[in-house]
Amino acid sequence: MFELNDRFKDISPYVPNEKNFDIYLDANESFLDLPDIMKSEIEKAFASVKLNRYPDPVAMDTVEAFSRYYGVPAENVVAGNGSDELISLLFSAFMDKGDTFATISPDFSMYEIYGKNFDMDYLSIPKNSDFTIDTDRVIEQCNSKKVRMLIFSNPCNPTSLGIKREAVLKVVKSTNALVVVDEAYMDFWNQSIIDSFNDFDNMIILRTASKAFGLAGIRLGFAVSNSRIINAMKMVKSPYNVNSITQLIGKISLSHKNLTEKAIKAIIDSKNALYTELLKLSESTKEFEVLESDTNFVVIRLNEAVKLYEYLIENRIAVRYTSGIIRVTAGTGSENEKFLSVCKEFFNKER
Ligand SMILES: *Cc1c(COP(=O)(O)O)cnc(C)c1O
């Protein structure tokens, strides 16, 4: 009989919503379809993909498009099957059994799961009670607990809060740990450290096509770092980790910066509208708190989070509940409206 390894037994798995909902505001995807110009370019290029051949092992065209988009040399970039794969690769490339890895909790739940995969010791450094990060405490904990790898998202999923680039760089400078800065949502904010990719021995930046680029379905992520680290990651990855179709779509999408920037602006507008409406509702009901958001989602904090979550589910609206908060991805205007009206109903009804 095969059973799950003991090291996973205390872990709560990441459970994506499976039921059928009318509205999905639960996974921080983009609500926008790809622009028609990109779609027709993809359709045309598709005919020339050699499906009988293995893909380019280093996804060179895609990595070069990334490199032009963000202004970093292609040799400092590795592509992955989603940044999820790259997170997993980081553990296998740089950590040994018994090494300690740390997160700043609450943060993206997959970090812990991948770390446990590799039999590492896990240190959870708590955020402040308002979900801000005390970087001095993070530095002190990394140094006193001999942390080998610190990983966190900036801006953070699930809290929607970001920390400024100076604060991030200070953490990198002040610890010997390998600091992995997951910038999955940084396309929605302006505090990226990507231009410092080559300034440190111990820093890796992760990016993804899943959020701002609206390409969660193709699974494409990137790591950016000094060439020593990038070469090590290339050595441990499986040779054909990014499939040909993903490489093609990623390349085309990354080559249309103006269109992507337009999409990002529309997503931020939707997020701001959702934030403003939630803030109004919060002020009139006094039932919950709305967090500032540097991402494409808004977080509300309330004692009755589970009840509200269940009420939304009953109304066929999927959001994410975690750590006493509800995380709502910005959707289309009508999706946001439906969500808000169900929230209003919830706070108005007898409970
Ligand atoms: C969505 C998300 C990712 C993206 O993962 P992919 O595998 O590239 O889709 C990575 N990190 C965080 C914190 C995220 O929220």
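Above this text you will find the structure in question.
Residues numbered from 1 in each chain as written. Predicted model: local features only at pLDDT ≥ 70, side-chain atom pairs only at ≥ 80, totals over all residues. Heavy atoms only, no water.

## A few points about the overall build of the protein
Looking only at helices and strands, the protein has 11 helices and 13 strands in total. What you see for the protein is a C-alpha radius of gyration of 21 Å, in line with the 20 Å of a compact globule of 351 residues. Judged by the C-alpha coordinates and their principal axes, the protein covers about 60 × 55 × 50 Å. Buried positions account for 54% of the 351 residues belonging to the protein. Across the protein, the fraction of contacts at a sequence separation of at least 24, relative to all contacts at a separation of at least 6, is 73%. Both charge centroids of the protein, one from 41 positive and one from 49 negative side chains, sit 2 Å from each other. (Helix = DSSP H or I, 4+ residues; strand = E, 2+ residues; numbered from the N terminus. Rg over C-alpha atoms; globule rule 2.2 N^0.38 Å. Buried < 20%, exposed > 50% of the residue type's maximum accessible area, 1.4 Å probe, protein only. Contact = heavy atoms within 4.5 Å. Lys, Arg positive; Asp, Glu negative; His and termini not counted. Charge placed at Lys NZ, Arg CZ, Asp CG, Glu CD.)

## Brief notes about the pattern of salt bridges
Per the counting criterion, the structure on display carries 14 salt bridges. Arg207 is the salt-bridge partner of Asp187, the closest N and O atoms lying 2.8 Å from each other. With Asp187 in the loop between β6 (178-182) and β7 (203-208) and Arg207 in strand β7, the pair connects residues that are 20 residues apart, well separated along the chain. One exposure class covers both Asp187 and Arg207, and it is buried. The closest approach of N and O atoms between Lys307 and Glu304, which form a salt bridge, is 3.4 Å. (Salt bridge = Lys/Arg side-chain N within 4 Å of Asp/Glu carboxyl O.)

## Some thoughts on the sheet that holds β6
An order of β2-β8-β7-β6-β5-β3-β4 is seen for the 7 strands of this open sheet, with the pairing classed as mixed. Single-partner strands in this sheet number two, and they are β2 (77-80) and β4 (121-126). Pairwise comparison of adjacent strand axes, ignoring direction, gives a mean angle of 20° for this sheet. Across 4 bridges, the pairing between β6 and β7 is parallel. Across the sheet, residue Val179 finds its bridge partner in β7, namely Met203. Docked against the sheet, helix α4 (residues 110-117) engages β3 (100-105), β4, β5 (147-153) and β6, running at close to 170° with respect to β3. (Pairing = 2+ DSSP bridges. Axes fitted to C-alpha atoms, helices over the stretch in contact; angles between N-to-C directions.)

## Considerations on the environment of Lys97
Its location among the elements puts Lys97 in the loop between α3 (82-94) and β3. Assessed through its relative accessible area of 68%, Lys97 is described here as exposed. With 24 residues separating them along the chain, Lys97 and Asp121 place their C-alpha atoms 8.0 Å apart.

## Some thoughts on the packing of aromatic side chains
The description of two aromatic rings rests on the distance between their centres and on the angle between their planes. Overall, the coordinates contain 15 aromatic pairs when judged by the stated rule. Ring centres of Phe288 and Phe347 lie 5.1 Å apart, and the angle between their planes is 20°; this geometry places the pair in the stacked category. Of this pair, Phe288 sits in the loop between α9 (257-285) and β9 (289-290) while Phe347 sits in helix α11 (residues 333-348), and the two are 59 residues apart along the sequence. For the residue pair Phe288 and Phe347, the accessibility class agrees, reading buried in each case. Counting every residue linked through ring pairs, the aromatic cluster contains Phe66, Tyr69, Tyr70, Phe213 and Phe222. Above the face of the Phe131 ring, Arg301 is positioned so that its terminal group lies 4.0 Å from the ring centre. (Phe/Tyr/Trp six-rings, centres within 6.5 Å; stacked < 30°, edge-to-face > 60°. Lys NZ or Arg CZ within 6 Å of the ring centre and 35° of its normal.)

## Looking at helix α1 (residues 36-46)
Every buried residue belonging to α1 is among Met38, Ile42 and Ala45, and all of these are buried. End-on view of α1: buried residues confined to an arc of 70°, all on one side of the axis. Among the exposed residues of α1, those pointing more than 90 degrees away from its buried face are Asp36, Glu43 and Lys44. The secondary structure elements touched by the buried residues of α1 are α8 (244-254) and α9. (Arc of directions from axis to C-beta.)

## Overview of the side chain of Asp182
As for its placement among the helices and strands, Asp182 is situated in strand β6. Although buried, Asp182 forms no salt bridge, and the nearest oppositely charged side chain, Lys211, lies 7.2 Å from it. Engagement of the side chain of Asp182 in a polar contact is seen with the backbone nitrogen of Ala184, the distance being 3.1 Å. Discounting residues that sit within four places of it in the chain, Asp182 has contacts with Ile87, Phe108, Tyr111, Phe152, Ser153, Asn154 and Leu206. (Polar contact = N/O pair within 3.5 Å; in protein donor to acceptor, adjacent residues only side chain to side chain.)

## Observations regarding the nonpolar core
Judged by nonpolar contacts, the single largest core of 65 residues is most densely connected at Phe66, Val138, Leu150, Phe152, Phe213, Val224 and Leu254. Among the elements that make up this core, the one with the highest residue count is helix α2 (residues 60-70) (5 residues). In this structure Leu254 touches Thr62, Ala65, Phe66, Tyr69, Tyr70, Phe213 and Phe222, once residues within four positions along its chain are discounted. With 26 residues, the next largest nonpolar core counts Val78, Leu86, Phe94 and Ile151 among its residues. (Core = buried A, V, L, I, M, F, W, Y, C linked by side-chain atoms within 4.5 Å.)

## Points about the site of the ligand
Every one of the 14 residues lining the ligand counts as a neighbour, but Asp182, Thr208, Ser210, Lys211 and Arg219 are closest to it. Separating an oxygen atom of the ligand from a backbone N or O atom of Ser83 is a distance of 2.7 Å. At 2.7 Å from an oxygen atom of the ligand is found a side-chain nitrogen or oxygen belonging to Asn157. With 3 residues, α3 is the largest single contributor of residues to the shell around the ligand. When grouped by side-chain class, the residues that make up the shell around the ligand number 4 nonpolar, 6 polar and 4 charged. (Near = heavy atom within 4 Å. Nonpolar A, V, L, I, M, F, W, Y, C, P; charged D, E, K, R; others polar.)

## Considerations on the side chain of Lys211
Residue position: Lys211 is located in the loop between β7 and β8 (221-224). Polar side-chain contacts of Lys211 include one of 3.1 Å to the side chain of Tyr185. With near-sequence residues (within four places) excluded, Lys211 lies in contact with Ala27, Asn28, Ser30, Ala184, Tyr185 and Phe188.

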